[in-house]
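Letter by letter, the chains look like this.
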Amino acid sequence: MYAQMIKTARAGIKTRDEMSDLERDFQDKIDRDIKIEPRDWMPDDYRATLIRQIGQHAHSEVVGQLPEGNWITRAPTLERKAILLAKVQDEAGHGLYLYSAAETLGESRDELTRLLHEGKMKYSSIFNYPTLNWADMGAVGWLVDGAAIVNQVALQRTSYGPYARAMVRICKEESFHARQGYHAMMKMAFGTPEQKAMAQSALDRLWFPSIMMFGPSDAESTHSEQSMAWKIKVKSNDELRQQYIDQTVPQIEYLGLDLPDPSLKWNEETGHYDYGEPDWSEFFDVIKGNGPCNVDRLRNRVKAWEDGAWVRDGLMAHARKKAAAKVAAQ
Amino acid sequence: MTQVDQNALTQFLLRLGDNTLVLGHRVSEWCGHSPVLEEDIALANTALDLIGQTQLWLGLAAEVKGNDSSADKLAFLRDAWDFRNVLLVELPNGDFGQTLMRQFLFDAWQSIMLGRLIKSSDPRIAAIAEKVSKEVTYHVERSSGTVVGLGDGTDESHARMQVALDYLYPYVGEMFLSDDTDAAMVQAGIAPDPSSLRAEYDALVGKVMAEATLVIPDRAYTHKGGRTGYMHTEHLGHILTSMQWLQRTYPGAEW
C-alpha cells in the first residue's frame, strides 16, 4: 500500500437530506458501482481526497526507486541485476501512470512534485527504511510489493475510473515483482549460513514496517468513513492487514525462517493469525519525517530535481526553437 | 568458417561484453536520480538492455573459453587487468549531459559495429548482433536526440554539452584501433577491422554535432589501453569494487 493516512477532505458524512441534488446523483452512482470519470461532476472534497491519495501513491513509486536502486550496482549476478533494473523501471512507470491519473483531476505532475519537495505531501512510510543487505532486495519484492498488492487488488474496484484502471495494470506487474522477490528470498534462505542470516535480518527488520504500510487501526483512523462511503477506499486497514498476514506467515514458514513476531499464532476460533501490535509511535515518527532515511530520501529527490533543471530547460528551449522553425517554414 | 584462434575469439568477445557490462553499470548508477521521470525510465531501460547484451556476449565468451567458465564468472571474478572494455565506458557519469554524450559516442560506434557483425562468418555472433541491433538502433535515436536537444537548447545546456564533448572526445579513438586480435577476426571473416568503421562514424557524429551546434575537438590525441587491458583508468577498480563485492565476499554462494 503506497497511500496511507490520507486525510479525507471532509470531516463526517452528509446524510441524504443534507446533500444537494448533484451530490445525491453522485452518491447513487457510487452506490450502484458506476465508475466516476474525469468529465463527470464530483464533489470538490472527493476530487481533493483523490488527488491526495493518487499523488501520495505516485510519489511512493518514485521515491521507492531509491532503496532498490541502492543495490543495483552491487547485484550479485547478471540475471539479478537485470531483474532489479526491470523492477525499478516498472516502478518509475507506475509513477508515470499515477501522475497521469492525477492530471485527469486537474492537478499537474509539476505541482505534485513541488508539494512533495516542500514536505507538504508524503510517500509511503516503508521507503524511509534502509536496505542493508542483498536479502532486502528479495524481502522488498516479497513483503513490500506483497503488501501493496493486497491493497491495490482492492483498489481495482475503487470508484474513480482512471485510478481503478491504473491499478489493474499496476497489479499485474507488482504480482510479478512479489514472485521474483520470493524467489530471491528462497535462494537466500536455502543458501549458505551467511545468506540465511541475511534473509532472517531482512525479514526481522522489514516485517513490522510492512504491516504498518496499511496504516493505523481503523478504530484510530478518523478519515476512513467518508472515503469508504465514496468507495475511494474499499476495505478497512485492519481487514487488509489481516489478509496480508494470513497469506504471508505460511510463506515465512516455508522459507524455514524464524517468525519475526513471537505473537504470530494461528487462531482456530477466528480462522486468522493473531499478531502483535506494531510500535505505532515509530510509525508516527516516520510519518512526521523522523524515520531512518526520511531526510536523505527527500534530499536525494530534491537534488535530482534541482540538478536536472538545466536539462529540462534545455530540452524545452530546443522544442520551442523547433516549433518556431516549423511555423516559419509554413 | 576459417579456423580461428580461440584465444583471440575469446578476447574479441570479452571486448564486446565488457563494453556493455561496464557501461550498463555506469548508466544504472542514475537510478532514481535523473532530471525527470521519463529519463529515469529511459536510463533504467538502457542499462537493462546493456546488461542483457552482456549476458549474450559474455555467455558466448564463456562457451568459447570452455572449462567451467560462465558469463557471471567472467563478470564478477576477473580483476581489472583482465577487462577489455574501451576506456570511454568506464569514465564517470558526470552530469546528465556527460552521461548522454558518452552514451551517444558509444551508441554510434556500437550501431555501426553491429551492422557489420550481422554478416559475421560465425553464426552465433551474427545471431546476437541481429537480436541486439534493434535495441541499439533505438539507443542511438534517443541519445542523439538528447545530445541535439541539449546542445541546441539554452546557453547553459549548450555550454555543458560542449564541455562534455571536449572531455570525452579523446577517448573516442580507442574504438577504432586495431591489433593482432582484430587481424585474426578479419582473416576469419568474423568481424571488420575497427579502423574501417571510422568514416561512417565520423559522418554520423559530425551530422549530430552540427545539428547540436557543438564543435568536435581536433583529433590530436587518443587515450587507449582499455581494450588491450594494458592500462585502464583509475575508475575501473572502483566499479569492480562494488560490482563484484558479494561474489568476492561469499565465494561459491548461489544467488
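Since we're looking at a predicted model, the values are computed, not measured.

Trainee: I'd like a rundown of the overall build of chain A, residues and numbers included.
Mentor: A count of helices and strands for chain A gives 13 helices and 2 strands. Dimensions of chain A along its principal axes, counting C-alpha atoms only, are 70 × 60 × 35 Å. Scored against the burial criterion, the 330 residues of chain A give a buried share of 55%. Taking as baseline every contact in chain A between residues at least 6 positions apart, the subset at least 24 positions apart corresponds to 78%. Counting every atom, chain A has about 14300 Å² of accessible surface; 53% of that belongs to carbon and sulfur.

Trainee: I'd love a proper account of the environment of glycine 69 of chain A, names of residues and values included.
Mentor: Residues and elements named next belong to chain A. Its place among the elements puts glycine 69 in helix 3 (residues 65–72). The exposure class assigned to glycine 69 is buried, which follows from its relative accessible area of 17%. C-alpha separation for the pair glycine 69 and methionine 137, spaced 68 residues apart in sequence, amounts to 9.8 Å.

Trainee: So what's going on with the confidence of the model for chain B? Residues and values would help.
Mentor: For chain B, the mean per-residue pLDDT works out to 97, and 99% of the residues sit at or above 70. Prediction confidence for the complex, expressed as pTM and ipTM, is 0.95 and 0.97 respectively.

Trainee: Lay out the packing of aromatic side chains with the relevant residues and their values.
Mentor: The final tally for this structure, using the stated rule, is 17 aromatic pairs over all chains. Their ring planes at 50 degrees and their centres at 5.4 Å tell us that phenylalanine 214 of chain A and tyrosine 244 of chain A sit as a pair that is tilted. Of this pair, phenylalanine 214 of chain A sits in the loop between helix 8 (193–212) and helix 9 (224–229) while tyrosine 244 of chain A sits in helix 10 (residues 237–255); the two residues are 30 residues apart in sequence, bridging distant segments of the chain. For the residue pair phenylalanine 214 of chain A and tyrosine 244 of chain A, the accessibility class agrees, reading buried in each case. What links up through ring pairs into an aromatic cluster is the set Phe26, Trp41, Tyr46 and Trp230 of chain A. Sitting over the face of the ring of tryptophan 305 of chain A, arginine 312 of chain A holds its NZ or CZ atom 3.5 Å from the ring centroid. If you follow arginine 78 of chain B out to its NZ or CZ, it ends over the ring of phenylalanine 83 of chain B, 4.3 Å from the centre.

Trainee: Account for helix 6 (residues 155–168) of chain B, with residues named and values stated.
Mentor: All names here are of chain B. An ideal rise of 1.5 Å per residue puts 20 Å on 14 residues; helix 6 measures up with 20 Å between its terminal C-alpha atoms. Those residues of helix 6 that sit buried are Ser157, Met161, Gln162, Ala164, Leu165 and Leu168. The arc that holds the buried residues of helix 6, viewed along the axis, is 160 degrees, so those residues lie on one side. Exposed residues lying more than 90 degrees from the buried face of helix 6 are Asp155 and Val163.

Trainee: Just give me the short version of unusual backbone geometry, but keep the residues and values in it.
Mentor: The backbone of lysine 231 of chain A sits at a positive phi, close to 55 degrees, despite the residue not being glycine. Judged by relative accessible area, lysine 231 of chain A falls into the partly exposed class, the value being 22%.

Trainee: Explain the interface of chain A and chain B to me, and be specific about the residues and the numbers.
Mentor: Contacts between the two partners involve 47 residues from chain A, matched on the other side by 48 residues from chain B. With both chains or domains summed, chain A and chain B bury close to 4000 Å², and 70% of this area falls on carbon and sulfur atoms. For the pair chain A and chain B, the interface holds 4 salt bridges. Where arginine 109 of chain A meets glutamate 38 of chain B, a salt bridge forms, and the shortest distance between an N and an O atom there is 2.6 Å. Inspection of the chain A/chain B interface yields 12 residue pairs in polar contact (both at pLDDT 80 or more).

Trainee: Please set out helix 8 of chain A residue by residue, giving values where relevant.
Mentor: All names here are of chain A. Here helix 8 contains 20 residues, and its C-alpha end-to-end distance of 29 Å stays within 8% of the 28 Å for a straight helix at 1.5 Å per residue. Of all the bends in helix 8, the greatest, near 40 degrees, is centred on leucine 206, and the proline proline 209 appears no more than four residues after it. Inspection of helix 8 places Gln195, Met198, Ala199, Gln200, Ala202, Leu203, Leu206, Trp207, Pro209, Ser210, Ile211 and Met212 among the buried residues, and these make up the whole buried set. In the core, the buried residues of helix 8 are packed alongside helix 6 (135–155), helix 7 (161–189), helix 10 and helix 11 (280–290).

Trainee: Give me the environment of leucine 22 of chain A: which residues, what numbers.
Mentor: Its place among the elements puts leucine 22 of chain A in helix 1 (residues 21–31). Taking the C-alpha atoms as reference points, leucine 22 of chain A and methionine 42 of chain A, 20 residues apart in sequence, are found 8.2 Å from one another.

Trainee: Run through the side chain of glutamine 53 of chain A, naming residues and quoting values.
Mentor: If you trace the backbone, glutamine 53 of chain A turns up in helix 2 (residues 44–63). When sequence neighbours within four positions are dropped, the list of residues in contact with glutamine 53 of chain A reads Ala3, Ile6, Leu155, Tyr163 and Ile232 of chain A.

Trainee: How would you explain the side chain of glutamine 152 of chain A if you had to name every residue and give the values?
Mentor: All names here are of chain A. By secondary structure assignment, the location of glutamine 152 is in helix 6. Among the polar contacts made by the side chain of glutamine 152, one reaches the side chain of histidine 57 at a distance of 2.9 Å. Discounting residues that sit within four places of it in the chain, glutamine 152 has contacts with Tyr2, His57, Met167, Ile170, Cys171 and Glu174.

Trainee: Lay out the packing of helix 6 of chain A against helix 8 of chain A in plain terms, naming residues and giving numbers.
Mentor: Each pair of packed helices can be summarised by the angle the axes make with each other and by the distance between the axes. Residue and element names in this part refer to chain A. The N-to-C vectors of helix 6 and helix 8 enclose an angle of 30 degrees; their axes lie 9 Å apart at closest approach. On the basis of their axis angle, the class for helix 6 and helix 8 is roughly parallel. In this structure, helix 6 crosses over helix 8, and the sense of that crossing is right-handed. Residues Ala135, Asp136, Ala139, Val140, Trp142, Leu143 and Ala147 of helix 6 form the contact with helix 8, whose participating residues are Met198, Ala199, Ala202, Leu203, Arg205, Leu206 and Ser210. Grouping the constituent residues of the contact of helix 6 with helix 8 by class yields 11 nonpolar, 1 polar and 2 charged.

Trainee: Could you give an account of the pattern of salt bridges, with specific residues and numbers?
Mentor: Within the structure shown, the criterion is met by 32 salt bridges over all chains. Two residues, glutamate 118 of chain A and arginine 114 of chain A, come together in a salt bridge whose shortest N-O distance is 2.9 Å. Residue arginine 114 of chain A is classed as partly exposed on the basis of its relative accessible area of 35%. Across the pair lysine 187 of chain A and glutamate 254 of chain B runs a salt bridge, and its minimum N-O distance is 3.3 Å. Residue lysine 187 of chain A is located in helix 7, and its partner glutamate 254 of chain B is located in the segment after helix 10 (245–249); the two belong to separate chains. Ionic contacts of the salt-bridge type, sharing partners, join the residues Glu68, Lys87, Glu91 and Asp145 of chain A into one network.

Trainee: I'd love a proper account of the nonpolar core, names of residues and values included.
Mentor: All names here are of chain B. Core analysis: the biggest nonpolar cluster contains 134 residues, and Phe12, Met101, Leu105, Leu117 and Tyr201 have the highest contact counts within it. Element by element, the count of residues in this core is highest for helix 4 (residues 96–117), at 12 residues. Other than its neighbours up to four places away in sequence, leucine 105 contacts Leu88, Leu165, Leu168, Val172, Met175, Tyr201, Val205 and Met209.

What counts, and where the lines are drawn
- Residues numbered from 1 in each chain as written.
- Chains lettered and ligands numbered in written order.
- Predicted model: local features only at pLDDT ≥ 70, side-chain atom pairs only at ≥ 80, totals over all residues.
- Heavy atoms only, no water.
- Helix = DSSP H or I, 4+ residues; strand = E, 2+ residues; numbered from the N terminus.
- Buried < 20%, exposed > 50% of the residue type's maximum accessible area, 1.4 Å probe, protein only.
- Contact = heavy atoms within 4.5 Å.
- Areas by Shrake-Rupley, 256 points an atom, 1.4 Å probe, with all protein chains shown as cover.
- pLDDT = per-residue confidence, 0-100.
- Phe/Tyr/Trp six-rings, centres within 6.5 Å; stacked < 30°, edge-to-face > 60°.
- Lys NZ or Arg CZ within 6 Å of the ring centre and 35° of its normal.
- Expected span 1.5 Å × (residues − 1).
- Arc of directions from axis to C-beta.
- Buried area = accessible area lost by both parts, 1.4 Å probe.
- Salt bridge = Lys/Arg side-chain N within 4 Å of Asp/Glu carboxyl O.
- Polar contact = N/O pair within 3.5 Å; in protein donor to acceptor, adjacent residues only side chain to side chain.
- Bend = angle between axes of the 7 residues up to and from the residue.
- Axes fitted to C-alpha atoms, helices over the stretch in contact; angles between N-to-C directions.
- Parallel < 35°, antiparallel > 145°, perpendicular 65-115°, else oblique.
- Left-handed = near helix turned anticlockwise from the far one by under 90°.
- Nonpolar A, V, L, I, M, F, W, Y, C, P; charged D, E, K, R; others polar.
- Core = buried A, V, L, I, M, F, W, Y, C linked by side-chain atoms within 4.5 Å.

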